[in-house]
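# Close look at the chain arrangement
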Amino acid sequence: MRVLLTGSAGFVGTAVGSALEDDGHEVVRVDLMLPMAHGAGEPPPGTHRVDVRDAQTWGELLAGVEVVCHQAAVVGAGVKVGDLPDYAAHNDLGTAALLAAMHEADVRRLVLASSMVVYGEGRYACPRHGVQAPPARARDALDAGDFENHCPVCGTGLGWELVDEDARLDPRSSYAASKVAQEHYTSAWVRQADSSAVALRYHNVYGPGMPRDTPYSGVAAMFRSSLERGEPPQVFEDGGQMRDFVHVSDVARANVAALESVVGSGVGRFDAYNVCSGEPVSILRVAELVGKGTGAGIAPEVTGGYRLGDVRHVVASPARARADLGFEAGVGPAEGLPAFATAPLRA
Ligand SMILES: NC(=O)c1ccc[n+]([C@@H]2O[C@H](COP(=O)([O-])OP(=O)(O)OC[C@H]3O[C@@H](n4cnc5c(N)ncnc54)[C@H](O)[C@@H]3O)[C@@H](O)[C@H]2O)c1
C-alpha cells in the first residue's frame, strides 16, 4: 500500500521507511529537516522537505495514500521552559494540521508515534496497601539519597510493576504534554472524521542511526559518548532506576504491524500500545552493557545526583501489542546494548 511517512529522515523514521519498503509498501517521505535534529543537513534522496504544520498546502502528497505514519516531532525531555512553544508548534499544531489535511484528502487511517512519557511515573505497589500512585519525590528525600517512591498510606518503599496502556496519563515535561496532546487530537479526529488510529508508545529507543550526544539525546547515546571520550558514564541516583530499552529495528517492525492492523480495521478505533522489549533493565546495567560493547574496560560512575523531573521506574507490559498486533521484540538489551556501543550514529 501507499504510506505517507512524516519525520522520515529521523532516527526512527529512517528505520520505519526501510522496514515498510522491505515489506513491499510504497513510501512517500516527508521531513522538515529541522536544524535542531539535522544541523544544516540536506534531505535524503526522495524526501519531500515540508513542514507538517503546513499540511494543508502539501496535501497533494496525500493523493492515493491509504495510511499515514506520523513520526515527525520535536523530541527530548523539554530541557528549557523556553522550549514550550517549539513542542506545542511542531508536535501539537503539526498533528492537528496533518489530521485536518488527511480529512480533506479522505485518508482515514493513522499510526502515531507516541511515547512512554505519557505515563509519567510507572506503576507501583505496596506489599500491604496494593497499587499506589505516589506523589512526586521530594527534594529533601532525593538529597538524602532516598530515591525510591514510598506508600502514601504507610511510608513503606514501593515496588515497581509493569505499566499497561490503561494507566493514567500524567505528563511531567513539556515534551510529554505534547505527546499526550497528540494522542488526544488523534482520538478526537477518529470520532469526528469516521477514521481509525493506533498510537505506539515507544519506550527507550536505541540502535544504529541514533543522534549523537546532545542535551536532548537518550541516555544510551550519552553513555556511549562518555565512553568514546575515555570517561566513565555518569549514572544518576543509585543506578537502580528501571526502564525498558527497545531496539529501533523492533520499533520499525511494530510500525509495520500497526499499519497493517489499522488498515484492516473498521472506523472508530483508537488504540494505544506499549512498544518495548519486555525485558526491564536498570540504568546502571545499561551503562555496563554499553561499556561492555566498547571493550575499553571503563566502569560506570554512580553519582547519587538527580534531576528533579526524572521518574524513578517506568517499565512496560508488552502483552497488548503481542495480543492485538502480533508484535514481539526480537532484540533484548543483553544483545542490543553492547552492539550499540559501536553502531554508526547520526552526525
Ligand atoms: N527516540 C526515542 O527514544 C523515542 C521514544 C518515544 C517516542 N519517540 C517518538 O518517535 C518519533 C521519532 O523520534 P526520533 O527519535 O526519530 O526523533 P528525530 O529527531 O530523529 O526525528 C524526528 C524527525 O521529525 C522531523 N520534524 C520535526 N518537526 C517537523 C515538522 N514540523 N515537519 C516535518 N518534519 C518535522 C525532524 O526533522 C526529524 O527528522 C517522535 O514522534 C518521538 O516523539 C521517540
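Since this is a predicted model, take the numbers as computed values, not measurements. The written sequence of each chain sets the order in which its residues are numbered from 1. Where totals are concerned, whole chains, interfaces and linings use all residues; where local detail is concerned, this predicted model gives features only for residues with pLDDT of at least 70, and gives and counts side-chain atom pairs only at 80 or more. Side-chain calculation: all heavy atoms of the structure are included, whereas hydrogens and water are not.

Should a side-chain nitrogen of Lys or Arg be within 4 Å of a carboxyl oxygen of Asp or Glu, the pair is scored as a salt bridge. The final tally for this structure, using the stated rule, is 24 salt bridges. Residue R320 pairs with E165 through a salt bridge whose shortest N-O separation is 3.7 Å. Taken as a pair, R320 in helix α9 (residues 319-325) and E165 in the loop between β8 (159-161) and α5 (174-192) lie far apart in primary sequence, 155 residues in all. To sort residues, take the accessible area from a 1.4 Å probe on protein chains only and compare it with the maximum for the residue type: under 20% means buried, over 50% means exposed, and anything in between is partly exposed. For E165, a relative accessible area of 7% translates into the label buried. One network of salt bridges, with partners in common, ties together R137, E148, E237, D238 and R312. Each helix corresponds to a stretch of at least 4 residues labelled H or I by DSSP, and each strand to a stretch of at least 2 residues labelled E; elements are numbered beginning at the N terminus.

With that settled, the discussion passes to the packing of helix α8 (residues 283-294) against helix α10 (residues 333-340). Axes here mean lines fitted to C-alpha atoms, for a helix over just the part in contact, with angles spanning 0 to 180 degrees between N-to-C directions. The geometry of α8 relative to α10 is characterised by a closest axis approach of 6 Å and an angle of 55° between their N-to-C directions. By the criterion of interaxial angle, the relationship of α8 to α10 is oblique. Considering only the axes of α8 and α10, their crossing is right-handed. Mapping the contact onto sequence places V286, L289, V290 and G293 in α8 and P333, A334, L337, P338 and F340 in α10. The nonpolar class holds Ala, Val, Leu, Ile, Met, Phe, Trp, Tyr, Cys and Pro. Asp, Glu, Lys and Arg form the charged class, and all remaining residues, Gly among them, are polar. Its residues assigned to classes, the contact of α8 with α10 shows eight nonpolar, one polar and no charged. Roughly parallel means an angle under 35 degrees; roughly antiparallel means over 145; roughly perpendicular covers 65 to 115; every other angle is labelled oblique. Handedness of each helix crossing follows the sense of rotation of the near helix against the far helix: counterclockwise by less than a right angle gives left-handed, clockwise gives right-handed. Only heavy atoms enter the contact rule, under which two residues are in contact if any of them lie within 4.5 Å.

Another aspect to go through is the packing of aromatic side chains. Aromatic rings considered in pairs are described by the distance between their centres and by the relative angle of their planes. Aromatic rings from Phe, Tyr and Trp, taking only the six-membered ring of Trp, are treated as a pair when their centres fall within 6.5 Å; an angle between ring planes under 30 degrees marks them as stacked, one over 60 as edge-to-face, and anything in between as tilted. Throughout the structure, instances matching the rule amount to three aromatic pairs. Each ring, one from Y206 and one from F245, has its centre 6.2 Å from the other, and the planes form 55°; the classification is tilted. Of the two residues, Y206 is situated in strand β10 (residues 204-206) and F245 in strand β13 (residues 245-247); the sequence distance between them amounts to 39 residues. Accessibility assignment for this pair places Y206 and F245 in one class, buried.

Attention now moves to the site of the ligand. Taken together, 28 residues form the shell around the ligand, and within it V12, D31, H38, Y175 and K179 come nearest. Contact distances for the ligand include 2.8 Å between an oxygen atom and a side-chain N or O atom of K179. Polar contacts here mean pairs of N or O atoms no more than 3.5 Å apart (in protein, one a potential hydrogen donor and the other a potential acceptor; neighbouring residues in sequence count only if both atoms are side-chain atoms). Within the side chain of R346, a nitrogen or oxygen atom sits 2.8 Å from an oxygen atom of the ligand. Using the Shrake-Rupley algorithm and a 1.4 Å probe, accessible areas are obtained, with residue cover drawn only from the displayed protein chains. Isolated, the ligand exposes 830 Å² of accessible area, and the fraction of that covered by the protein chains is 94%. If you list the elements that add at least two residues to the shell around the ligand, you get α1 (11-22), α2 (35-38), β5 (109-115) and α5. Ranked by residues supplied to the shell around the ligand, first place goes to β5 with three residues. In these notes, residues near a molecule or strand are those with any non-hydrogen atom within 4 Å of it.

Right, let's talk about the sheet that holds strand β4 (residues 67-70) for a bit. Sheet strands associate in pairs through backbone hydrogen bonding, adopting either a parallel or an antiparallel arrangement. Strands pair, by our definition, only if DSSP identifies at least two bridges between them. Taken together, the seven strands give an open sheet; going across it, the order is β3-β2-β1-β4-β5-β9-β14, and neighbouring strands pair in parallel fashion. Of all the strands in the sheet, the pair left with one neighbour each is β3 (47-49) and β14 (270-275). The sheet shows a mean angle of 20° between the axes of neighbouring strands, direction not considered. Relative to β3, strand β2 (residues 26-31) runs parallel, the two being bridged by three bridges. Across the sheet, the residue bridging to V30 is H48, located in β3. Sheet strands in contact with α5 are β4, β5, β9 (196-202) and β14, and its direction is about 160° off that of β5.

Attention now goes to the pairing of β5. Of all seven residues in β5, seven are buried; the element is thus mostly enclosed. Neither face of β5 is left uncovered, since the one carrying R109, V111, A113 and S115 and the one carrying L110, L112 and S114 both have all their residues buried. Note that β4 and β5 share three bridges and pair parallel. Bridge pairing in β5 places V68 opposite L110. Bridge analysis of β5 against β9 gives seven bridges, and the strand direction is parallel. When the bridges of β9 are listed, L110 appears paired with A197.

Once that is clear, we can look at α1. Helix length check: α1, at 12 residues, gives a terminal C-alpha distance of 17 Å against a target of 16 Å (1.5 Å per residue), a fit within 8%. Of all the residues in α1, the buried ones are F11, V12, G13, A15, V16, G17, A19 and L20. A positive backbone phi angle near 95° is found at G24, which sits one or two residues after α1. Given the number of residues in a helix, its expected span is that number minus one, multiplied by 1.5 Å.

To continue, consider the side chain of R346. Positionally, R346 belongs in the segment after α10. Buried charge without a partner: R346 forms no salt bridge, and the closest opposite charge is D31, 7.4 Å away. At a separation of 3.2 Å, a polar atom in the side chain of R346 contacts the main-chain carbonyl oxygen of A37. Ignoring any residue separated from it by four or fewer positions in sequence, one finds R346 in contact with A9, G10, F11, A37, H38, G209, M210, P211 and R212. Two residue types count as positive, namely Lys and Arg, and two as negative, namely Asp and Glu; His and chain ends fall outside the count.

Read across the open sheet, the three strands follow the order β7-β6-β8; overall the sheet is antiparallel. Among the strands making up the open sheet, the edge pair consists of β7 (130-132) and β8. Averaged over all pairs of adjacent strands, the angle between strand axes in this sheet comes to 45°, irrespective of strand direction. In terms of strand pairing, strand β6 (residues 123-126) meets β7 through three bridges, oriented antiparallel. Bridge pairing in β7 places Y124 opposite Q132.

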